[in-house]
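# Analysis of the macromolecular model
One-letter residues, chain by chain:
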Amino acid sequence: MTAAPKRPSGQEQFFWKTKTLEEMSGPEWESLCDGCGRCCLNKLEDEDTGRIYFTHVGCKLLDGVSCACKDYPNRSDKVPDCVRLTPANVRTLNWLPPSCGYKLVAEGRDLYWWHPLVSGDPNTVHEAGVSVRGRVEGSEEEIPDEELEHHIVQWPAVLPKRARLKRRPRD
Ligand code: SF4
Ligand code: SF4
């Protein structure tokens, strides 16, 4: 799930540290998404082990430059298997990347410096190398399911070193 990130007005500062997921308002909940687009990559599951493998093939609605969904309000109609995140399922889904704002907060952890809620800048998710910008090889409409296993990549399940720093690095 990825909408273009924005900071909602009237939002309590640092609400993600003081509220439970269930207590958050709709705009606060939406703003927890950092806009990385990683969850909108196609994934494969090993039927024997349950292990999830990311590919660099995007959902047909994923914009590989903005990293946002091209039709977020109507995503469930256009992509029926698009998973809507909820306070309950972010605690159990096994394919959310380690950088995901929902996953971090659900695990009682803080957001990183590059999260738009912390930096105040929607571009820092790209600057930190967390987003899928420039790394989506193609869309699921271009690459057939039977070829997906040839497009497995590791990076969506890894937090880049730059992103793990405590503060925004100086250039
Ligand atoms: S429809 Fe596709 S691009 Fe849009 S939020 Fe769902 S998975 Fe992401
Ligand atoms: S992985 Fe998490 S933070 Fe990134 S786009 Fe998906 S829901 Fe948003």
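Below is a summary of the structure that appears in this document.

Cut-offs applied
Residues numbered from 1 in each chain as written. Chains lettered and ligands numbered in written order. Predicted model: local features only at pLDDT ≥ 70, side-chain atom pairs only at ≥ 80, totals over all residues. Heavy atoms only, no water. Salt bridge = Lys/Arg side-chain N within 4 Å of Asp/Glu carboxyl O. Helix = DSSP H or I, 4+ residues; strand = E, 2+ residues; numbered from the N terminus. Core = buried A, V, L, I, M, F, W, Y, C linked by side-chain atoms within 4.5 Å. Buried < 20%, exposed > 50% of the residue type's maximum accessible area, 1.4 Å probe, protein only. Contact = heavy atoms within 4.5 Å. Near = heavy atom within 4 Å. Nonpolar A, V, L, I, M, F, W, Y, C, P; charged D, E, K, R; others polar. 1 Å grid on protein atoms, 1.4 Å probe; cavity = no way out; pocket = protein on both sides within 12 Å on 5 of 7 lines; lining within 4 Å. Points joined across faces, edges and corners; volume = space filled by probe spheres on them. Phe/Tyr/Trp six-rings, centres within 6.5 Å; stacked < 30°, edge-to-face > 60°. Lys NZ or Arg CZ within 6 Å of the ring centre and 35° of its normal.

### Details of the pattern of salt bridges
Applying the stated criterion to the full structure yields eight salt bridges. Between Glu-22 and Arg-91 there is a salt bridge, with its nearest N and O atoms 2.8 Å apart. Placement of the pair is Glu-22 in the loop between helix H1 (15–18) and helix H2 (26–31) and Arg-91 in the loop between helix H3 (75–78) and helix H4 (101–106), with a sequence separation of 69 residues. Bridged by salt links that share partners, the residues Lys-103, Glu-107 and Arg-109 form one connected network.

### Comments concerning the nonpolar core
Core analysis: the largest hydrophobic core is formed by 41 residues, its most contacted members being Trp-16, Met-24, Leu-32, Tyr-102 and Trp-114. Those elements giving two or more residues to this core turn out to be H1, strand S2 (52–58) and H4. Broken down by element, the residue count for this core peaks at three residues, all from H4. Apart from residues no more than four positions distant in its own chain, Trp-16 is found in contact with Met-24, Leu-32, Val-105, Asp-110, Leu-111, Leu-117 and Val-118.

### Looking at the environment of Phe-15
Along the chain, Phe-15 turns up in helix H1. The buried category is assigned to Phe-15, whose relative accessible area is 0%. Linking Phe-15 and Gly-26, residues eleven residues apart in sequence, is a C-alpha distance of 12 Å. Dropping the residues within four chain positions of it, Phe-15 is found in contact with Met-24, Glu-28, Ser-31, Leu-32 and Leu-117.

### Thoughts on the site of ligand 2
As a matter of local geometry, ligand 2 sits amid twelve residues, with Cys-33, Asp-34, Cys-36, Cys-39 and Cys-100 nearest to it. When grouped by side-chain class, the residues that make up the shell around ligand 2 number eight nonpolar, three polar and one charged.

### Thoughts on the environment of Leu-104
Mapped onto the secondary structure, Leu-104 falls in helix H4. Here Leu-104 is in contact with Pro-98, Ser-99, Arg-109, Asp-110, Leu-111 and Tyr-112, once residues within four sequence places are set aside.

### Some words on the layout of surface pockets
Its volume calculated, the largest pocket comes out at about 620 Å³. Considering the residues around the largest pocket, the lining is formed by 26 residues, among which Cys-39, Leu-41, Asn-42, Lys-43 and Asp-81 are closest to the centre. Those elements that provide at least two residues to the lining of the largest pocket are strand S1 (41–45) and H3. The biggest single contributor to the lining of the largest pocket is S1, with five residues. Taken as a whole, the second largest pocket encloses approximately 210 Å³ of empty space. Lining the second largest pocket we find Phe-14, Trp-16, Lys-17, Asp-110, Leu-111, Tyr-112, Trp-113, Val-118, Arg-164, Leu-165 and Lys-166. Of the residues assigned to the lining of the second largest pocket, the class counts are seven nonpolar, no polar and four charged.

### Here we look at the packing of aromatic side chains
Scanning the entire structure with this criterion turns up four aromatic pairs. Note on Tyr-112 and Trp-114: the rings are 5.7 Å apart at their centroids and 10 degrees apart in plane angle, and the pair reads as stacked. Exposure remark for Tyr-112: the relative accessible area of 17% places this residue in the buried category. Linked through ring pairs, Phe-14, Phe-15 and Trp-16 together constitute an aromatic cluster. The side chain of Lys-17 reaches across the aromatic face of Phe-14, ending 5.0 Å from its centre.

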